[in-house]
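As a plain string of letters, each chain reads:
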Amino acid sequence: MTAPFLHIRGLRKDYGIVNAVKDVNLTVERGEFMTFLGPSGSGKSTTLYILAGFENPTAGDILLNGESLIATPSHKRNIGMVFQRYTLFPHLSVGENIAFPLKVRRWGKAAIDARVRKMLQLVRLEGFEDRKPAQMSGGQQQRVALARALAYDPPVLLMDEPLSALDKKLREEIQHEIRRIHQETEVTILYVTHDQEEALRLSDRIAVFSKGVIDQIGTGPELYADPATRFVAEFIGDSDFVTCRILSAKDGRADLSIGAGASISGVPVHGTAVAGGTAALMLRPERLSLRREAAREGTSGLSASVTDITFLGSSIHVAAAAPSGETISVRLPFGHEATSGLSRGDTVSLDFDPETAHVFCG
Amino acid sequence: MTLLTEPDNRTAAPRARSVRSRNFALTVPALVLLVVFFILPVVSLLLRSVMEPEPGLDNYRALLGSTTYLKIFLNTFSVSALVTIVTLAIGFPVAWALAIMPSRWASIVFAVLLLSMWTNLLTRTYAWMVLLQRTGVINKTLMGLGLISEPLPLVNNLVGVTIGMTYIMLPFIILPLYGVIRKIDPAILQAAALCGATRRQALTRILIPLAAPGMVSGALMVFVMSLGYFVTPALLGGTANMMLAELIAQFVQSLVNWGMGGAAALVLLIVTLTLYAVQLRLFGTARMEGR
């Protein structure tokens, strides 16, 4: 078996008594687009900064093609990076910025010129060579930063929330650019963001960071359909949680009951389920169906009373209170028959496929 | 945002003009003070340079035609240049260190810098005499350690003047440089490192060019101040390397020759203004473009 392309092993970083990164383990394949997703302070940026060589890990190792990077200083790592802030060299023109890494590598003039032209073409900024960074928009500056980071063909490109300073429309535009550039260059990208939509749109795989560890690694659909922890379930997609009681648990499935309702069987369970204990049942708004009657025996559902109905254009959002008082959201397509004449206070039954729900214990 | 600020800008234009003229009226007392106590004496001195002992440019001819005086000019420029270079060489790392050190430490260093600036100039210069003279602390220590057998000539020569003036000029270069360096985003240097730049390359290709406006304005200030410096060269320098200010003092005090003194002062003023114009030309507009 060959060594993985990039291997992060037992990475740990302490700042005094603060434990920023606890224990991060990850392998990345060549050409993969891997996103570190998590809230601020989850350790995702610190992990990226250790990869860049700006921070030394307290423990653990990073292997690129089987060789440790830890002892190599930043300027010899041959890694590309696009930062959250604008980091173009303000006294150099766009062309000179892209040429900078090539000049310090002592490329010949003709080779540098050709490369700069090619990179400008890649990020679609031909003709901007002589502009100064201050004369360009934020989006353009980040595209130049991308061209500069890719100019020397780095094996790995790090991106630290590069779009967070841009407005939504521009962000989406550049997300498309990044996807296209990833496909064209086949560079391995490690991308840090706290925006789940951005992560889902861009990534091959996503590593969800929480409190210094990776909670789960998987493709977007995997994380959505089968979240390993309550944190992942909350972070990827919309979800509501209802307190339930575990009746029995076996082979990763649990039977449970909500309030005084009927038992629901065969719900995937995470964590240690104890019969008789309480747990949190995750329900996704778009995977619930709504019937205008109280829950019946034999169906997997719960009774709730409608508290709010919001029209959102293509969809209608119904908020309902479970017997426990917790709010559950249901998203239905516009024009769905169950919504016609629905009003506040109505008792409805919310049904779901036990396979798509998840129970989190502890 | 823009919607809110735009109408504001439009109404601000006429208001700005009236505010400006009102503000100008406020400066009149200060201007009068400046004219009476500063500009008039200078003008009268300059007039004396062309009027005394008789009208004409004789004073200038004497000043610029004599090798003795030209040597003093030359000496003034070379000492000032030397002081500027040494100050810059020491001031840059200090300013850089101040910019990156924790602010608590930086404020302590600033306090020390400012305290030295506020201490009487004469006291500071005498302190250097005590340190540098033949039987001073430095020579005694070095001899005690057996590193030298004869005291080093550290005072009443170029070495003494350079040390004393560099010390006095340091804050004037550190403060503007600190301001410029602090504005440089550390992430820019991180980006340079990932681009493959060694520390030296990051320094010479990124940091120094970005700090250049601060370096030039600081260096110019030090150079110009050095050109006209009197106390330190007079106390720490020797007769062999007299500076222009000393010459002017001699003309006025010992020789009571106001004409020659005024001429020397005017030459100094012209050089200073020329340098200032050059700096404005080179960096006044360039700095605006960078922003």
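For clarity, every value in this text was computed on a predicted model and none was experimentally measured.

Each value, and the rule that gives it
- Residues numbered from 1 in each chain as written.
- Chains lettered and ligands numbered in written order.
- Predicted model: local features only at pLDDT ≥ 70, side-chain atom pairs only at ≥ 80, totals over all residues.
- Heavy atoms only, no water.
- Helix = DSSP H or I, 4+ residues; strand = E, 2+ residues; numbered from the N terminus.
- Expected span 1.5 Å × (residues − 1).
- Buried < 20%, exposed > 50% of the residue type's maximum accessible area, 1.4 Å probe, protein only.
- Arc of directions from axis to C-beta.
- Contact = heavy atoms within 4.5 Å.
- Polar contact = N/O pair within 3.5 Å; in protein donor to acceptor, adjacent residues only side chain to side chain.
- Domains from an automatic or database assignment.
- Buried area = accessible area lost by both parts, 1.4 Å probe.
- Salt bridge = Lys/Arg side-chain N within 4 Å of Asp/Glu carboxyl O.
- Nonpolar A, V, L, I, M, F, W, Y, C, P; charged D, E, K, R; others polar.
- Pairing = 2+ DSSP bridges.
- Axes fitted to C-alpha atoms, helices over the stretch in contact; angles between N-to-C directions.
- 1 Å grid on protein atoms, 1.4 Å probe; cavity = no way out; pocket = protein on both sides within 12 Å on 5 of 7 lines; lining within 4 Å.
- Points joined across faces, edges and corners; volume = space filled by probe spheres on them.
- pLDDT = per-residue confidence, 0-100.
- Phe/Tyr/Trp six-rings, centres within 6.5 Å; stacked < 30°, edge-to-face > 60°.
- Lys NZ or Arg CZ within 6 Å of the ring centre and 35° of its normal.

All names here are of chain B. In a regular helix each residue adds 1.5 Å, so 12 residues correspond to 16 Å; helix α5 (residues 121–132) covers 17 Å between its end C-alpha atoms and thus fits that length. Of the residues making up α5, those classed as buried are Arg124, Thr125, Trp128 and Leu132. Projected onto a plane normal to the axis of α5, the buried residues spread over an arc of 95° and lie on a single side. For α5, the secondary structure elements touched by its buried residues are α4 (103–118), α6 (137–144), α7 (158–182) and α10 (231–236). Here α5 starts with a cap whose side-chain oxygen sits 2.7 Å from the backbone nitrogen of Leu122, and that cap is Asn120.

Right, let's talk about the domain arrangement of chain B for a bit. Residue and element names in this part refer to chain B. Examined at the domain level, chain B breaks down into domain 1 (1–51) and domain 2 (57–288). The gap between the C-alpha centroids of domain 1 and domain 2 is 31 Å. The interface of domain 1 with domain 2 comprises five residues on the first partner and nine residues on the second. The junction of domain 1 with domain 2 conceals about 630 Å² of combined surface from both sides, 72% of it contributed by carbon and sulfur atoms. In this structure, the connection of domain 1 to domain 2 is made through zero salt bridges. Counting across the interface, domain 1 meets domain 2 through two residue pairs in polar contact (both at pLDDT 80 or more). Residue composition of the side of domain 1 that touches domain 2, by class: three nonpolar, one polar and one charged.

Quick look at the sheet that holds strand β11 (residues 240–250) of chain A now. Residue and element names in this part refer to chain A. Reading around the circumference, β11-β12-β13-β20-β14 is the order of the five strands in this closed barrel, with mixed pairing throughout. The mean inter-strand angle of the sheet, taken between neighbouring strand axes irrespective of direction, is 55°. Pairing geometry for strand β12 (residues 253–257) and strand β13 (residues 263–270), over four bridges, is antiparallel. Each bridged residue has a counterpart across the sheet, and for Ser257 the counterpart in β13 is Ser263.

As a further point, take empty space enclosed by the protein. The full count for this structure, using the stated rule, is four cavities of 30 Å³ or more. Taken as a whole, the largest cavity encloses approximately 40 Å³ of empty space. Around the largest cavity sit Met81(A), Phe83(A), Arg148(A), Ala149(A), Tyr152(A), Ala191(B), Leu194(B) and Cys195(B), which together line it. For the lining of the largest cavity, the secondary-structure elements that each account for two or more residues are α4 (138–150) of chain A together with α8 (186–194) of chain B. Split by residue class, the lining of the largest cavity holds seven nonpolar, no polar and one charged.

Attention now moves to the environment of Arg205(B). Looking at where Arg205(B) falls in the secondary structure, it is placed in helix α9 (residues 199–227). Along the backbone, Arg205(B) and Pro93(B) are 112 residues apart, and their C-alpha atoms lie at a distance of 16 Å. In this structure Arg205(B) touches His91(A), Phe100(A), Lys103(A) and Val104(A), once residues within four positions along its chain are discounted.

Every contact between the two is made by 19 residues of chain B and, on the other side, 23 residues of chain A. Here chain B meets chain A over a buried area of about 1900 Å², counting both sides, of which 68% is carbon and sulfur. Between chain B and chain A we count one salt bridge in total. One salt bridge connects Arg85(A) with Asp185(B), and the closest N-O pair in it is separated by 3.4 Å. At the boundary of chain B and chain A, one finds four residue pairs in polar contact (both at pLDDT 80 or more). Sorting the residues of the side of chain B that touches chain A by element identifies α8 and α9 of chain B as the ones contributing at least two each. By residue number, the principal contributor to the side of chain B that touches chain A is α8(B), which donates seven residues. Its residues assigned to classes, the side of chain B that touches chain A comprises 11 nonpolar, five polar and three charged.

What follows concerns the confidence of the model for chain B. All names here are of chain B. Put simply, chain B has an average pLDDT of 84, and 91% of its residues get 70 or more. Counted against residues more than four places away or in other chains, residues 1–12, with its pLDDT under 50, gives zero contacts. Within the model, pLDDT remains below 50 along residues 286–291, and this stretch shows five contacts once partners closer than five positions in the same chain are excluded. Taken over the whole predicted complex, pTM reads 0.79, whereas the ipTM for its chain interfaces reads 0.82.

All names here are of chain A. The tally for this structure, following the rule as stated, stands at 12 aromatic pairs over all chains. Ring centres of Phe33 and Tyr191 lie 5.6 Å apart, and the angle between their planes is 40°; this geometry places the pair in the tilted category. Pair noted here: Phe33 is in strand β3 (residues 33–37) and Tyr191 is in strand β8 (residues 188–193), with a separation of 158 residues, a long-range link. For Phe33, a relative accessible area of 0% gives the class buried. An aromatic cluster is defined as three or more aromatic residues linked by ring pairs; in this entry it consists of Tyr49, Phe54 and Phe83. The residue whose ring lies beneath Arg148 is Phe89, and the NZ or CZ to ring-centre distance is 4.5 Å.

A separate point is the sheet that holds strand β16 (residues 301–311) of chain A. Residue and element names in this part refer to chain A. One open sheet holds the five strands; their spatial order is β15-β19-β16-β17-β18, and the pairing between them is antiparallel. Bordering the open sheet on either side are β15 (289–291) and β18 (327–333), each of which pairs with just one other strand. Ignoring which end each strand starts from, the neighbouring axes of this sheet average 45° apart. Pairing of β16 with strand β19 (residues 347–351), which is carried by five bridges, proceeds in the antiparallel orientation.

All right, on to the side chain of Ser329(A) then. Residues and elements named next belong to chain A. Relative to the helices and strands, Ser329 resides in strand β18. Take Ser329: its relative accessible area is 12%, and that puts it in the buried class. In this structure, Ser329 is in contact with Asp240, Pro285, Leu288, His317 and Val318, ignoring residues within four places of it in sequence.

So, about the pattern of salt bridges. Side-chain pairing between opposite charges can occur once the charged atoms of the two side chains come close. Residue and element names in this part refer to chain A. Across all of its chains, the model carries 21 salt bridges over all chains by this definition. Arg143 is the partner of Glu177 in a salt bridge, and the nearest nitrogen-oxygen pair spans 4.0 Å. Residue Glu177 is found in helix α5 (residues 168–185), and its partner Arg143 is found in helix α4; the two are separated by 34 residues along the sequence. By the burial criterion, Glu177 is buried, and Arg143 matches it. For Arg344, the salt bridge goes to Asp308, with nearest N and O atoms at 3.5 Å. Highlighted residues: Arg344 in the loop between β18 and β19 and Asp308 in strand β16, separated in sequence by 36 residues. For Asp308, a relative accessible area of 30% puts it in the partly exposed group. In the salt-bridge network here, residues are joined through shared partners; they are Arg124, Arg143, Glu177, Arg180 and Glu184.

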